[in-house]
Each structure stands twice: as structure tokens, then as C-alpha cells.
Protein chains: 2
Amino acid sequence: MIRQTRLVEVRQKVLKQNDVVARELRGQFREAGVFVVSLVSSPGTGKTAFLERVLTTLQTRHRVAALVGDLATDNDARRLARSNAPVKQIITGTVCHLEAEMVRSALAGWMPEGLDILFIENVGNLVCPASYDLGEALRLVLMSVTEGEDKPLKYPTIFNTADVAVITKMDLAAAVEFDSAAAHRNIHAVRPGMTVLPVSAKTGQGVDEFIAFLESRARESAPSEKAIGV
Amino acid sequence: MIRQTRLVEVRQKVLKQNDVVARELRGQFREAGVFVVSLVSSPGTGKTAFLERVLTTLQTRHRVAALVGDLATDNDARRLARSNAPVKQIITGTVCHLEAEMVRSALAGWMPEGLDILFIENVGNLVCPASYDLGEALRLVLMSVTEGEDKPLKYPTIFNTADVAVITKMDLAAAVEFDSAAAHRNIHAVRPGMTVLPVSAKTGQGVDEFIAFLESRARESAPSEKAIGV
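Presented here is a report on the structure given in the accompanying data block. (Residues numbered from 1 in each chain as written. Chains lettered and ligands numbered in written order. Predicted model: local features only at pLDDT ≥ 70, side-chain atom pairs only at ≥ 80, totals over all residues. Heavy atoms only, no water.)

1. Description of the packing of aromatic side chains
Residues and elements named next belong to chain A.
Part 1: Taken as a whole and assessed by the stated rule, the structure comprises two aromatic pairs over all chains.
Part 2: Ring geometry for phenylalanine 50 and phenylalanine 210: centres 4.8 Å apart, planes at 70 degrees, overall edge-to-face. Remark: phenylalanine 210 occurs in helix 8 (residues 207-221) and phenylalanine 50 occurs in helix 2 (residues 47-58); sequence separation between them is 160 residues. With respect to burial, phenylalanine 50 and phenylalanine 210 carry one shared label: buried. (Phe/Tyr/Trp six-rings, centres within 6.5 Å; stacked < 30°, edge-to-face > 60°. Helix = DSSP H or I, 4+ residues; strand = E, 2+ residues; numbered from the N terminus. Buried < 20%, exposed > 50% of the residue type's maximum accessible area, 1.4 Å probe, protein only.)

2. Some remarks on the relation of the copies chain A and chain B
Part 1: Of the transformation superimposing chain A on chain B, the axial component is 0.0 Å and the angular component is 180 degrees, with the fit at an RMSD of 0.0 Å. The transformation relating the two chain copies, once decomposed into turn and shift, fits a two-fold axis. (Least-squares fit on C-alpha atoms with pLDDT ≥ 70 in both.)

3. Observations regarding the pairing of strand 3 (residues 87-91) of chain B
Residues and elements named next belong to chain B.
Part 1: Of the strand pairs in this sheet, strand 2 (residues 64-70) and strand 3 are connected by five bridges, and their pairing is parallel. Pairing of valine 68 across the sheet is with glutamine 89, part of strand 3.
Part 2: A crossover links strand 2 with its parallel partner strand 3, the connecting element being helix 3 (residues 75-81), and its sense is right-handed. (Pairing = 2+ DSSP bridges. Right-handed = clockwise from strand over helix to strand, strands pointing away.)

4. Things to note about unusual backbone geometry
Trans peptide bonds make up most of the peptide bonds, and negative phi angles are found at most residues other than glycine.
Part 1: Even without being a glycine, lysine 169 of chain A presents a positive backbone phi close to 60 degrees.
Part 2: With respect to the helices and strands, lysine 169 of chain A occurs in the loop between strand 6 (164-168) and helix 7 (180-190).
Part 3: Judged by relative accessible area, lysine 169 of chain A falls into the buried class, the value being 15%.
Part 4: Positive phi values are uncommon outside glycine, yet asparagine 84 of chain B reaches one of about 75 degrees.
Part 5: By secondary structure assignment, the location of asparagine 84 of chain B is in the loop between helix 3 and strand 3.

5. Some points on the sheet that holds strand 1 (residues 35-40) of chain A
Residues and elements named next belong to chain A.
Part 1: In space, the seven strands of this open sheet follow the order 3-2-4-1-5-6-7, with parallel pairing throughout. A strand with exactly one partner marks an edge of an open sheet, and here the two such strands are strand 3 (87-91) and strand 7 (195-198). The mean inter-strand angle of the sheet, taken between neighbouring strand axes irrespective of direction, is 20 degrees.
Part 2: Where strand 1 and strand 5 (residues 138-144) come together, four bridges link them in parallel fashion. Directly across from serine 38, in strand 5, lies its bridge partner arginine 139.
Part 3: Against the sheet, helix 4 (residues 100-107) makes contact with strand 2 (64-70), strand 3 and strand 4 (117-121), and its axis sits at roughly 135 degrees relative to strand 3, the strand it touches most.
Part 4: Contacts between helix 7 and the sheet are confined to strand 5, strand 6 and strand 7, with strand 6 contributing the most and set at about 155 degrees to the helix. (Axes fitted to C-alpha atoms, helices over the stretch in contact; angles between N-to-C directions. Contact = heavy atoms within 4.5 Å.)

6. Notes on the pairing of strand 6 of chain A
Regular strands show a simple pattern: their side chains alternate between the two faces of the sheet.
Residue and element names in this part refer to chain A.
Part 1: For strand 6, a buried count of five out of five residues is recorded, marking the element as mostly surrounded by other parts of the structure.
Part 2: Neither face of strand 6 is exposed, since Val164, Val166 and Thr168 on one face and Ala165 and Ile167 on the opposite face are all buried.
Part 3: Note: strand 5 against strand 6, five bridges, orientation parallel. Within the sheet, the bridge partner assigned to leucine 142 lies in strand 6 and is valine 166.
Part 4: Where strand 6 meets strand 7, four bridges bridge the pair, whose relative direction is parallel. Residue pairing for strand 7: valine 164 is matched across the bridge by threonine 195.
Part 5: What joins strand 6 to strand 7 is helix 7, and the crossover it makes is right-handed.

7. Considering the pattern of salt bridges
All names here are of chain A.
Part 1: Scanning the model with the defined rule gives 26 salt bridges over all chains in all.
Part 2: Across the pair aspartate 76 and arginine 79 runs a salt bridge whose closest N-O atoms are separated by 3.8 Å. Taken together, the positions of aspartate 76 and arginine 79, both in helix 3 (residues 75-81) and three residues apart, correspond to about one turn of that helix.
Part 3: The exposure class assigned to aspartate 76 is buried, which follows from its relative accessible area of 2%.
Part 4: Its relative accessible area of 27% is what places arginine 79 among the partly exposed residues.
Part 5: Salt bridges sharing common partners tie together Arg26, Asp133, Glu136 and Arg139. (Salt bridge = Lys/Arg side-chain N within 4 Å of Asp/Glu carboxyl O.)

8. Some points on helix 8 (residues 207-221) of chain B
Residue and element names in this part refer to chain B.
Part 1: For helix 8, spanning 15 residues, the distance from its first C-alpha to its last is 21 Å, which sits close to the expected 21 Å at 1.5 Å a residue.
Part 2: Within the span of helix 8, buried status applies to Val207, Phe210, Ile211, Phe213, Leu214, Glu215 and Ala218.
Part 3: The inward-facing, buried residues of helix 8 abut strand 1 (35-40), helix 2 (47-58), strand 4 (117-121), strand 5 (138-144), strand 6 (164-168) and strand 7 (195-198). (Expected span 1.5 Å × (residues − 1).)

9. Structural notes on the nonpolar core
Part 1: In this structure, Val141 and Ile167 of chain A together with Val141 and Ile167 of chain B are the most contacted members of the largest nonpolar core, which totals 52 residues.
Part 2: Going through the elements one at a time, strand 5, helix 6 (156-161), strand 6 and helix 7 of chain A together with strand 5, helix 6 (156-161), strand 6 and helix 7 (180-190) of chain B are the ones with two or more residues in this core. (Core = buried A, V, L, I, M, F, W, Y, C linked by side-chain atoms within 4.5 Å.)

10. Focus: the side chain of glutamate 52 of chain A
All names here are of chain A.
Part 1: Relative to the assigned elements, glutamate 52 resides in helix 2.
Part 2: Judged by its relative accessible area of 17%, glutamate 52 falls in the buried class.
Part 3: Excluding residues within four positions of it along the chain, glutamate 52 makes contact with Arg79, Leu80, Arg82 and Ser83.

11. Comments concerning empty space enclosed by the protein
Part 1: Tallying each qualifying case throughout the model produces one cavity of 30 Å³ or more.
Part 2: The space that makes up the largest cavity amounts to roughly 30 Å³.
Part 3: In this structure, the largest cavity is lined by Pro43, Gly44, Thr45, Thr146 and Glu147 of chain A together with Pro43, Gly44, Ser144, Thr146, Glu147 and Lys169 of chain B.
Part 4: When the residues that make up the lining of the largest cavity are grouped by side-chain class, the tally is two nonpolar, six polar and three charged. (1 Å grid on protein atoms, 1.4 Å probe; cavity = no way out; pocket = protein on both sides within 12 Å on 5 of 7 lines; lining within 4 Å. Points joined across faces, edges and corners; volume = space filled by probe spheres on them. Nonpolar A, V, L, I, M, F, W, Y, C, P; charged D, E, K, R; others polar.)

Everything listed here is a matter of coordinates, which is why it stays silent on function.
Next up, the structure:
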């Protein structure tokens, strides 16, 4: 019992400290006119493949960059760098999520001049990242058609903290007999009215719709006194 | 800095306490002649579908049961119960892994008489479960062909703590252009010599081989003075 209480206390302190840093970051992003989008999902949902496709497209009309969290390798950063957008890896070691302080450190002296949109790809994990605000304006939770339609019911917290659900690997939907109606029902059971965007990084399905959605959200959130490039 | 040090201290205490309970559990399992197998993987790798198939087959010749961890639902327990094996759900709330104490509590007053093999399906997570010994004799790490061949490099700790790698959803290997040689290479880069078993819960591919492997391991680990049913 004692160890439980102590753990909770320390955890709350870490989360509170994270919230303070995230709030500061959010203010700085807003002031700089940077629209910040984070991505969370299981390992293997296809965050990196999707983001590579999005960066490649956005890159031609906006100033975009990405931070990517991983436990141990810089594979993802190398994949994303093929889009020609500036990309920086955050290696978390054994930590199962990104924290606002890691984002701040990674951006110090690195954040590209005149940035319009910054993507932050979290560590592949449907549990831990839920509790950590990174100062983002929009949080995407991704689930792939291969994972099972009940993921929102099993990991409700992460779906609750996200703004948009992206269903990836739609090119495999038929092969895995993906039940789209059930997936939507489960997402909306956890978060009624949540926007759901089906995409495929392989075929490009839904990518234009996703980008249009993103640009419209970025425009809405831009401070009126600044003309940001979206 | 101070918060980091305190967190590490508390975490070590929790892990140490977990190890004590796990050791006790392992002794009890050994004495009772129960071979305990745990399963870890990402959410959506197909632990439950695979385990349902394995339980259904084993059920006809051994006394088997399963504990299944999940954050929020008892969906998995209901699916596994279709095998007719005794199944009990452990709801972890916001905790991203099972702990030895949760296993002990779940078994108290429930462990079926004369059990041969107990499966413990962990919460879907490739990070947190790595640090928690559950008293199991064999730990399986599952990865699906849809997740990408580099998972072992990106989540080395979980592969290091596991005894066997199971590659699931082999029926989708062609559709996702799964590179089996690369997957093996990455697994062995992290854990040289690790047994790798490709399976499909859908077609049954590899399930007999998996069961033969399991039975042989169970026989090897059985204390000589007891004749367990495997």
C-alpha cells in the first residue's frame, strides 16, 4: 500500500511538471505561428509510412518538419528524411512516451525558421503517451485495419485524449475483413462525434482528404494577427 | 533532476517488490507442476486470436487455463472462453502491464485443480511489460507480419526478455510483402539464436509446430518427481 501511494504521488508530480512545460510550448508555438500535430498509435500501425507520405505532399506547399520519438533506433528519422523535410529523432531509451521537456530540448537551436507545421511522432504505445501533453494543437490517434476493431474500447484513454482518429492500411481492409462500421461505432462509443479519417500510405487513399482537413484546422487555429503559410 | 532521481528510486522499489512476488509464484508453479507461458506484443498483433486457437487444440489433451490482462474490457476473456478452457480477466485500469501481484491475486481461489499449462496474456504493449517478471517459465514475444520487420531493433528490451519470438498473421505475409529474412536477421541481432515460430491463427499454419515446441519445453521443465500431464 505504501509503495502504491508513493508511486502515485511521484507520478502526479511528473505529470504536473509536464503540463507546465507543455503549456509554455503551446504558447511559443502559437506565437511563432506553428501548427503542431502529434501522432500516437501502437507499434506497427504505420505512423512513419503515413507521415512520410504526408510530409512529401505538404513539403511542396508549406514549411514542415518532424520530431520522431523512438526507444532505440533512428530508423524512423531516416525514413522520414526521404521526404526532404527537416527531421529530428528523439531517443527515449526505456521511456515509453515522449514528454514535453524532450520536445523542448529537441527544438532548442533546431526549430527551422518560419515553420508552418510541426509533426511529432510519439513512441509506438497506446497507453503511456495518453497522459503527456506535448503542447500540440492537434493529436491524431492512428489504428490500422489489421489491429482489430475493438482497440478504442480497449484503450479508451488514448482515444479520449486525441482529436482525430486515423484508420491506416485501408489497402488491407478486404484481406483482413475489416468491419468499418464496427470500428466507427467503437470510436464513437469512446469519443462521440470524433472525426475518423481512413487512409492508406501505400495507395494514397484518403491522404488528400487528410491534408485538406489538416490545412483547414491549421487555418482556424492561426492567430488573426499573423499570416501563416497555410 | 530531483524528480528524475526520485522516480527512478520508486521505480526500482516497485520492480524489486515485483521480483520477490514473481520468484514466489515461480516456486509455487513449479511445485504444482504448472508450466506457465506469458505472451507479450503490441496491441493488435493477434495474441488473443492465436491463444484461442492454441487453447482449443491443447484443451483436448491437457488441462489448460488462461489469465488475460487488459486496460478496460473483458472482450479478450470472452473470446478465449470460446475454447472452453477456464479464463479469467485482469483489468489493469491505466496500468500498461501486468505485475506479479496481479497474477497472484487473480489466481487466489481460482487456479483450476491439476492444471498443466497456464497462459498469461499481457496488456498489448511492447515497452512496459519488459520489466515485470510474472513468474512464467516461458515468455513469448509476438510480432505480426503487418507491423514491420524492424520491431526487434526498435523494442530491443522486450525481445531480450523473451524466450521465443512468434511471427503472427503469416496469411497476410504476401499481401504486405513481409521480408522474413529481414525479420529473422533483426530478431537475431537483438537476441542471437532465439527460436522464431511463424504462425497464422486464421489458417492454422505453424500452430501444430508451436504446440509441439511448447509440449517439449513443458516436459523438459517438469520436476522429475512429478508426472505432469504433458
